[in-house]
Amino acid sequence: KFLTGWVSTILISAAALVCSTLIGTVAALARRSRILLCRYVGATYVEIIRCTPLLVQILIFWYVLANAANLQNRYVAGVLILSAFAGAYISEIIRAGIESVPESQLESARAIGLTPPQIYRYVIFPQATRQMLPPLTGQFVSLVKDSSLLSVIAINELTKSAQELNANAHTSFEGYLPLAVAYLTITFPLSMWTRSLEKKFLYET
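Described in the following lines is the structure provided in the data block. Note that the coordinates shown come from a computational prediction; the quantities given were computed from them, not determined experimentally.

The subject of this paragraph is the packing of aromatic side chains. Taken as a whole, this structure holds two aromatic pairs when the rule is applied. Taken together, a centroid distance of 5.2 Å and an interplanar angle of 55 degrees make the contact between Phe-85 and Tyr-89 tilted. Here Tyr-89 and Phe-85 lie together in helix α4 (residues 74-99), a separation of four residues that amounts to about one turn. When the centroid spacing of 5.7 Å and the interplanar angle of 40 degrees are considered together, the rings of Tyr-120 and Phe-125 count as tilted.

Dropping the structure here:
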């Protein structure tokens, strides 16, 4: 049962990690857009997500929005919920990283004829990534741990498996200690991977 929950947690977290990074990137670029509507939409999304608890968002999404959209798959709903939640925080991390690049470098890039996509690809993101990696590490680890709240909508992930084990065996310590170790086996390698990326992007600008 723990193995099934462990695999479910990994798959949900991995899918949410990719989706939240995409959402966060789009939201960050929207907040920097010259189009007023894009900036307002991006800012509204970020503030709504950051100012409401994840548990409340899970309940509203599953029992209200998913029901209205006739979404019956709890795992898909769980990925969407985590992606939307983490995406708001990632967007602010990405936006801060982008704004850490000196304006003089952007002006120099425009002066040599680079287009906006080329400026982001060759000038902004290589430098901003170094600034973004430490906070992104914390956010990715938090995303994995936040997946435990999906047990409230009966998704069979690690925490749900531990709760069912404790209920069936009338135990507590025997179920929750392996639960903590199981989460550590996911978050620790993720932390080590992002640290290796930090060293890769450690260079003078």
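As a further point, take helix α6 (residues 116-146). Given a rise of 1.5 Å per residue, 31 residues ought to cover 45 Å, yet the end C-alpha atoms of α6 are separated by just 36 Å, more than 12% below that figure. Residue Ile-124 marks the point of greatest curvature in α6, where the axis turns by about 50 degrees; the proline Pro-126 follows within four residues.

Estimates place the volume of the largest pocket at around 310 Å³. For the lining of the largest pocket, the elements supplying multiple residues, two or more each, are α5 (103-111) and α6. For the lining of the largest pocket, the element with the most residues is α6, which contributes four residues. Its residues placed into classes, the lining of the largest pocket shows seven nonpolar, two polar and three charged. By volume, the second largest pocket amounts to about 240 Å³.

This part is about a nonpolar patch on the surface. On the surface, Leu-55, Val-56, Leu-59, Ile-60, Tyr-63, Val-64, Leu-65 and Val-152 cluster together to form a nonpolar patch covering roughly 680 Å² of accessible area. Its relative accessible area of 48% is what places Val-64 among the partly exposed residues.

A separate point is the nonpolar core. One broad trend across soluble globular proteins is that nonpolar side chains are buried collectively. Counting 44 residues, the largest nonpolar core has Ile-124, Leu-150 and Ile-153 as its most contacted members. Secondary structure elements with two or more residues in this core: α1 (2-31), α3 (54-68), α4, α5, α6, α7 (158-169) and α8 (173-200). Looking at this core, the element that brings in the most residues is α4, giving 11 residues. If sequence neighbours within four positions are ignored, Leu-150 has contacts with Ile-12, Ile-58, Gly-78, Leu-82 and Ile-155.

A few words on unusual backbone geometry. At Asn-70, a position not held by glycine, the phi torsion is positive, near 60 degrees. Looking at where Asn-70 falls in the secondary structure, it is placed in the loop between α3 and α4. Judged by relative accessible area, which is 57%, Asn-70 ranks as exposed.

Across all of its chains, the model carries six salt bridges by this definition. A salt bridge links Arg-95 to Glu-99, with the nearest nitrogen and oxygen atoms 3.4 Å apart. Taken together, the residues span about one helical turn, with Arg-95 and Glu-99 both in helix α4 at a distance of four residues. The residue Arg-110 makes a salt bridge to Glu-103 at a minimum N-O spacing of 3.5 Å. The exposure class of Arg-110 is partly exposed, given its relative accessible area of 46%. Through salt bridges that share partners, Arg-31, Arg-32, Glu-92, Arg-95 and Glu-99 make up one connected network.

Each value, and the rule that gives it
Residues numbered from 1 in each chain as written. Predicted model: local features only at pLDDT ≥ 70, side-chain atom pairs only at ≥ 80, totals over all residues. Heavy atoms only, no water. Phe/Tyr/Trp six-rings, centres within 6.5 Å; stacked < 30°, edge-to-face > 60°. Helix = DSSP H or I, 4+ residues; strand = E, 2+ residues; numbered from the N terminus. Expected span 1.5 Å × (residues − 1). Bend = angle between axes of the 7 residues up to and from the residue. 1 Å grid on protein atoms, 1.4 Å probe; cavity = no way out; pocket = protein on both sides within 12 Å on 5 of 7 lines; lining within 4 Å. Points joined across faces, edges and corners; volume = space filled by probe spheres on them. Nonpolar A, V, L, I, M, F, W, Y, C, P; charged D, E, K, R; others polar. Patch = residues over 30% accessible without salt bridge, like charges linked within 9 Å, V, L, I, M, F, W, Y side chains within 5 Å. Areas by Shrake-Rupley, 256 points an atom, 1.4 Å probe, with all protein chains shown as cover. Salt bridge = Lys/Arg side-chain N within 4 Å of Asp/Glu carboxyl O. Buried < 20%, exposed > 50% of the residue type's maximum accessible area, 1.4 Å probe, protein only. Core = buried A, V, L, I, M, F, W, Y, C linked by side-chain atoms within 4.5 Å. Contact = heavy atoms within 4.5 Å.

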